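Okay, here's what each chain looks like letter by letter:
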Amino acid sequence: MEKQKVLYESGNELAAYAAKQINYHVMGYYPITPSTQIAENLDLMGAEGEHDIKLIAAEGEHSAAGICYGASTGGGRVFNATSANGLLYALEQFPVQSGTRFPMVMNVACRTVSGPLCIKGDHSDIMYMLNTGWIILFADEPQTVYDMNLLALKLAEAVSLPVAVAFDGFYTSHQKRKCMVFENDITVKDYIGEKKATADLLDLEHPVTVGSYMNEPDVLNNRYQLHLAMKQAKELLPSLFQEYNALSGRSYSFLKGYLHADADILLFLLGSAYHTAMEAVDILRKEGIRAGVITLLVLRPFPWELLSSFCQNAAVIVAADRQDSYGADGGSLSLELRAALQRTSCQAKVITRVYGLGGQDFFVEDALCLFREGLQENAAPFDYHGIVKGSQGAKQPVYFKPLSETDTMKHITTCSYDASAGKMIVKGGQLREATAMPKRLAPGHGACPGCGIPVNLNLLLKGIEGNVVLLFQTGCGMVVTTAYPKTSFKIPYLHNLFQNGAATLSGLTEVFRQRQKRGEYPEGEITFIMVSGDGGMDIGMGSALGTALRNHRLIIFEYDNGGYMNTGYQLSYSTPMGARSATSHVGSAQYGKTFFHKDTPEIMAATHIPYVACVAESNPMDFIRKAAKAAAYAKDFGTAYLKALSACPLNWSDSPDKERSVIAAAVDCCYFPLYEIENGITTLNYDPEKSGKKIPVTNWLSMMGRTRHLAKETYREIAEKIQTETDRRFARLRARSENPLL
C-alpha cells in the first residue's frame, strides 16, 4: 500500500482534494447547491498555488458542460460538478460527450429537481443520466467519493467514456468523516498515468473532425460502439477495483451488501441510506428476523448478474427509491431490479416504496418500517413512505387583503410621452407623496438585516401605480419571501428558474393580451415585472435578450448584488474585479476575481428597447421617477430594463446600517453611474464630478471586506486598472450624454 494520511472532510471537500491531486487541466463549472463547495475548495487551493487547474466560471451549466467538452477534445483532463436542475440544464450536452467518446469526470451531489424549488437531496437528478451513455458510480460515504474520483478518471480514459461520480447532497456532500487520502500527490499521478488521447483537436499534424453529421447506419454503429465501450467498462472494473485495493487497502465492487446472503427479506436502496438501513438490520436480527440490505456502487454499467445473485435467497425485496418515474409504479432503481430478476430464476416478491423526496430524513425507524411493510402478506406492490396527508377540502389561508387597482392609484407621478423629443416626461415623484403607496411586499420576509432586495423592490413599486404581477427568477429575493405555505406578496407572483424568467414572463404577458383581445379578461392594464439578481443576468441573459429583442411590454428589474448570493457568494459576471468570493479567493497566487464586471445596461441597450436605466437607493427620487417611466414605456412601447446596485452585507462584509452610504459611494466614484437610455438617447442623470462629490474607486472598495485588500500597496496595480476602466466607461457615458444622437 502507498502512504496515506487522515483528513476529516466532507464528500465535496474530498472530491476537490482528489481533483487537486490529479491536477486536471480545466474545470468548467457553474455554482449550484449542494455541489458548489467542490469548485469553492478547488479555487481556495488554487489561490495558494496548490494546483494548476484552470477554473472557468460559466454563465450557466449548459455552457459549463460545453467548456468541459471543448477542453476534452483538446486532449485535456477535464472536471465538473453539478446538481439537480443544473444537471438537467446541461443534459443535452452529455450524450455529445459520450457519443464522441471523450473522457472526463463530473461529480453530482444529488438533489431534488424543481419545481417546486427545493435544494435538499434525493435522486431525481442522477436518474436522468441513465440513458446518456455515461458511466455512473454512486458513492455511499465521503471516503468512497475520494476513491471513486480516482477510479473514475482511470476508467474513463481506459474506455474513452465520461464518468459521473454521484453521491447524496447534504448527506455525503456536506457531512464530514475521518477519511484516508494518499499523502503524496505523485502517488495519484502515477496511479492515473499519462494521458493518451485517442483524438486531439490540437494535434495539427493529424487533423480530425469531431461530431460529424451522421445518418443510418452510421448512428446505429456509433451507438453500438458506445454499447461495446460500456461492456468493456463492465469487464474492466473488477481488475481496477483489485488494483486500487492493492494501492489503498480499500476494497470495492459493483455493489455491496450487509447480511444479505441468508436474508429472507432484503432492503435495496442507494447512497447514504444504506448505512442507516444496516442499523435496522441489526435490530431485526436480534428479533429473529433474517433481514439484509444491499446497495449499488455502480449504476452504469448496470451489474444485473451480481445484483440477482445477491437476491437469490430472499423471499421479499423492498426496493426503496429516492426518486419516482411517475406513472410507472416505481423509480428507476426498482424498475431495473425487477428487470434484472426477470432474467434469472429468482422468485422473490418485489415491493416498491418511494421515500426521502425533497431531502426528507431517513432514520432507522423508517428503515424498520419498510422492512415490516415488506413482511406483511398483503403489502401493496407500490406506495410512498413518509407522506403527510392533508385535510380534504382545506382552504389556503389568505394572509393579506389583496391590493386593488384603486388601492395603488395614488397619482404619485404622471407620465406623458413627448413624441417630438422622443422622451417620457415625468412629473411628481416626491418622497413624501410616495409614502402613500401601499407596499406590495409585506414586512414578513426572511432577508438578512441590511439586504438591499426589499429596499429596492419597495422603491421600484412606489413608482408604479395600478395592477402589478411579479415574476422572480431563483435567487435570494425569491427564497426569503415565499417559504411554503406562506408568501410575503400581496399581489400575484410567479417563480421560474434562473435561466428562463424573462421568457416565462413574456408568455404570461402575451396570454394576458390575447385573453383581453378575446373578451375573456376585463379591460384594464397590468404592469408585468421580472425581478432578477444573484447572478440571474448571467445564466438568464439569453432569455432576457430574446425577450428584449421581441420587445414584449414588460419590465426587467435587476437587483445587482454582485455575486451568486443565494448559493453562498460565488463570483458572478457582475462581481467587481479583484473582489474576494468563494470562487475568487485571495492568496499568494490569486488576487480575487480576475476580470471586469459585466455592463448589463449597455448589453440590454444594444437590443434597442425603448428604455434602459440605472437606479440607486441613495437617490430615491430618481429611482421612483425612473420606475414610473419604465412602467409607462412597458404599457405602450415595449420592454423596459432597470438596474439597481443592491447591498448584501453578509457577503460584501460591511455593516448593514451603512449600506445606503456604501451604495452612494459606488455612485460617487462612478463605478455605478446613474443614467438612462431613452429611445437610444443617453442622459447622464447625475455627474459626481460636476457636483464636486467624485471620489476614487478605492474609497468605495475600502468600505467592503470583499474588496478592502485592493487598497493595499500589494494590489496597487489591480486598483489602478479598476480606476482606469471605471474612468474610461464613465467618460464614454458622459460623451454620449453630451451628444444629441447618442
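Let us look at the structure shown here. It should be emphasised that the depicted structure is a prediction, and the values quoted were computed from it without experimental measurement. The residue numbers shown here count from 1 along each chain, following its written sequence. Totals for whole chains, interfaces and linings use every residue, but because this is a predicted model, local features are given only for residues with pLDDT of at least 70 and side-chain atom pairs only at 80 or more, for both listing and counting. The basis for the side-chain values is all heavy atoms of the structure; hydrogens and waters are excluded.

## Brief notes about the pairing of strand 20 (residues 526-533)
Logical step 1: Residue exposure (1.4 Å probe, protein chains only): buried if accessible area is under 20% of the type maximum, exposed if over 50%, otherwise partly exposed. Put simply, DSSP H or I for four residues or longer makes a helix, DSSP E for two residues or longer makes a strand, and each gets a number counted from the N terminus. Counting buried residues in strand 20 gives eight out of eight residues, a clear majority hidden from the surface.
Logical step 2: Residues Ile526, Phe528, Met530 and Ser532 point to one face of strand 20 and Thr527, Ile529, Val531 and Gly533 to the other, with burial holding for every one of them.
Logical step 3: Relative to strand 20, strand 18 (residues 467-473) runs parallel, the two being bridged by six bridges. The residue bridging Leu470 from the neighbouring strand is Ile529, located in strand 20.
Logical step 4: When strand 20 meets strand 21 (residues 555-560), the two strands line up parallel, connected through five bridges. Counted as the bridge partner of Gly533 is Tyr559 from strand 21. Strand pairing is defined by DSSP finding a minimum of two bridges between the two strands.

## So, the packing of aromatic side chains
Logical step 1: Working definition: a ring pair exists when centres of Phe, Tyr or Trp rings (six-membered ring for Trp) sit within 6.5 Å. Plane angles under 30 degrees give stacked, over 60 give edge-to-face, the rest tilted. Enumeration over the complete set of coordinates arrives at 22 aromatic pairs.
Logical step 2: Aromatic side chains Tyr146 and Phe182 sit 6.4 Å apart centroid to centroid with 45° between the ring planes, which places their arrangement in the tilted category. Taken together, the positions of Tyr146 in helix 6 (residues 142-159) and Phe182 in strand 8 (residues 177-182) put the pair 36 residues apart, joining distant regions of the chain.
Logical step 3: Ring centres of Tyr573 and Phe595 lie 5.6 Å apart, and the angle between their planes is 90°; this geometry places the pair in the edge-to-face category.

## Observations regarding the nonpolar core
Logical step 1: Ranked by internal contacts, the top residues of the largest apolar core, which has 102 residues, are Met27, Tyr146 and Ile317.
Logical step 2: Of the residues forming this core, the biggest block, 10 residues, is contributed by helix 6.
Logical step 3: Setting aside residues no more than four positions away along its own chain, Tyr146 makes contact with Leu14, Tyr17, Ala18, Gln21, Met180, Val181, Phe182, Val188, Tyr244 and Arg250.
Logical step 4: Take the buried Ala, Val, Leu, Ile, Met, Phe, Trp, Tyr and Cys residues and link them wherever side-chain atoms come within 4.5 Å; each set so joined is a nonpolar core. Met604, Ala666, Val697 and Phe730 belong to the second-largest nonpolar core, a separate cluster that totals 94 residues. Should any heavy atoms of two residues lie within 4.5 Å, those residues are considered in contact.

## Here we look at helix 1 (residues 11-22)
Logical step 1: A helix is expected to reach a length of 1.5 Å times the quantity of its residues less one. Counted at 1.5 Å a residue, the expected span for helix 1 with its 12 residues is 16 Å, and the 16 Å between its end C-alpha atoms agrees.
Logical step 2: Those residues of helix 1 not exposed but buried are Gly11, Asn12, Glu13, Leu14, Ala15, Ala16, Tyr17, Ala18, Ala19, Lys20, Gln21 and Ile22.
Logical step 3: Positive phi shows up at Asn23, right after helix 1, with a value of about 60°.

## Observations concerning the pattern of salt bridges
Logical step 1: Think of a salt bridge as a Lys or Arg side-chain nitrogen and an Asp or Glu carboxyl oxygen that are within 4 Å of each other. In total, this model carries 30 salt bridges according to the counting rule given.
Logical step 2: In this structure, the salt-bridge partner of Glu689 is Arg734, at a minimum N-O distance of 2.6 Å. One end of the pair, Glu689, is in the loop between strand 27 (681-684) and helix 23 (697-701); the other, Arg734, is in helix 24 (residues 716-738), and 45 residues separate them in sequence.
Logical step 3: Glu689 sits in the partly exposed class, given a relative accessible area of 44%.
Logical step 4: A salt bridge links Asp727 to Lys694, with the nearest nitrogen and oxygen atoms 3.5 Å apart.

## Here we look at the pairing of strand 16 (residues 413-418)
Across a regular strand the side chains alternate sides, sitting on one face of the sheet and then on the other.
Logical step 1: Note: strand 16 against strand 17 (residues 423-428), six bridges, orientation antiparallel. Within the sheet, the bridge partner assigned to Thr413 lies in strand 17 and is Gly428.
Logical step 2: Between strand 16 and strand 17, which follow one another and run antiparallel, lie four residues, and Gly422 among them has a positive phi close to 70°.

## So, the sheet that holds strand 3 (residues 54-57)
Logical step 1: Strand order in the open sheet formed by seven strands is 3-2-4-5-7-6-12, and the pairing between neighbours is mixed. The sheet is open, and its two edges are formed by strand 3 and strand 12 (298-300), each paired on a single side. Mean inter-strand twist for the sheet, computed between neighbouring axes without regard to direction, equals 20°.
Logical step 2: Relative to strand 12, strand 6 (residues 135-139) is paired through two bridges, and the arrangement is antiparallel. Opposite Leu137, over in strand 12, you have Val298 as the bridge partner. Angular values range over 0 to 180 degrees, each being the angle between N-to-C directions of two axes fitted as lines to C-alpha atoms, with helices fitted over their stretch in contact.

## Some words on the layout of surface pockets
Logical step 1: Cavities and pockets were defined on a 1 Å grid built over protein atoms only: a cavity is a set of grid points that admits a 1.4 Å probe from which the probe cannot escape, a pocket is an open set flanked by protein on both sides within 12 Å along at least five of seven lines, and lining residues are those with an atom within 4 Å of any such point. Grid points are joined across faces, edges and corners, and a volume is the space filled by probe spheres set on the points. Its volume calculated, the largest pocket comes out at about 1100 Å³.
Logical step 2: Contributing to the lining of the largest pocket are 39 residues, with Pro116, Leu117, Cys118, Met478 and Val479 lying nearest its centre.
Logical step 3: For the lining of the largest pocket, the secondary structure elements donating two or more residues are helix 2 (36-47), helix 4 (84-89), helix 15 (476-479) and strand 19 (493-496).
Logical step 4: Class assignment for the residues of the lining of the largest pocket results in 20 nonpolar, 15 polar and four charged.
Logical step 5: What the second largest pocket holds in volume is close to 630 Å³.
Logical step 6: Residue lining of the second largest pocket: 25 residues in total, with Pro95, Gly99, Thr100, Asn222 and Arg223 positioned closest to the centre.
Logical step 7: Elements supplying a minimum of two residues to the lining of the second largest pocket: helix 5 (93-99) and helix 8 (218-248).
Logical step 8: For the lining of the second largest pocket, the leading source of residues is helix 8, giving six residues.
Logical step 9: Of the residues contributing to the lining of the second largest pocket, the split by class is 11 nonpolar, 11 polar and three charged. Ten residues, namely Ala, Val, Leu, Ile, Met, Phe, Trp, Tyr, Cys and Pro, are considered nonpolar, four, namely Asp, Glu, Lys and Arg, are considered charged, and the remaining ones, Gly among them, are considered polar.

## Observations regarding the sheet that holds strand 9 (residues 255-258)
Logical step 1: Taken together, six strands build an open sheet; the order of strands is 9-11-10-13-14-15 and the sheet is mixed. At either margin of the open sheet sits one strand with a lone partner, and together these are strand 9 and strand 15 (382-384). Shown here is a sheet whose adjacent strand axes are inclined to one another by a mean of 20°, direction ignored.
Logical step 2: Sheet topology note: the strand 14 (residues 349-354)/strand 15 ladder contains three bridges and is parallel. Paired with Arg353 across the two strands is Asp383, which belongs to strand 15.
Logical step 3: Running at roughly 145° to strand 13 (residues 316-321), helix 11 (residues 332-342) makes contact with strand 10 (265-268), strand 11 (291-296), strand 13 and strand 14 of the sheet.
Logical step 4: Against the sheet, helix 12 (residues 364-375) makes contact with strand 10, strand 11, strand 13 and strand 14, and its axis sits at roughly 130° relative to strand 10, the strand it touches most.

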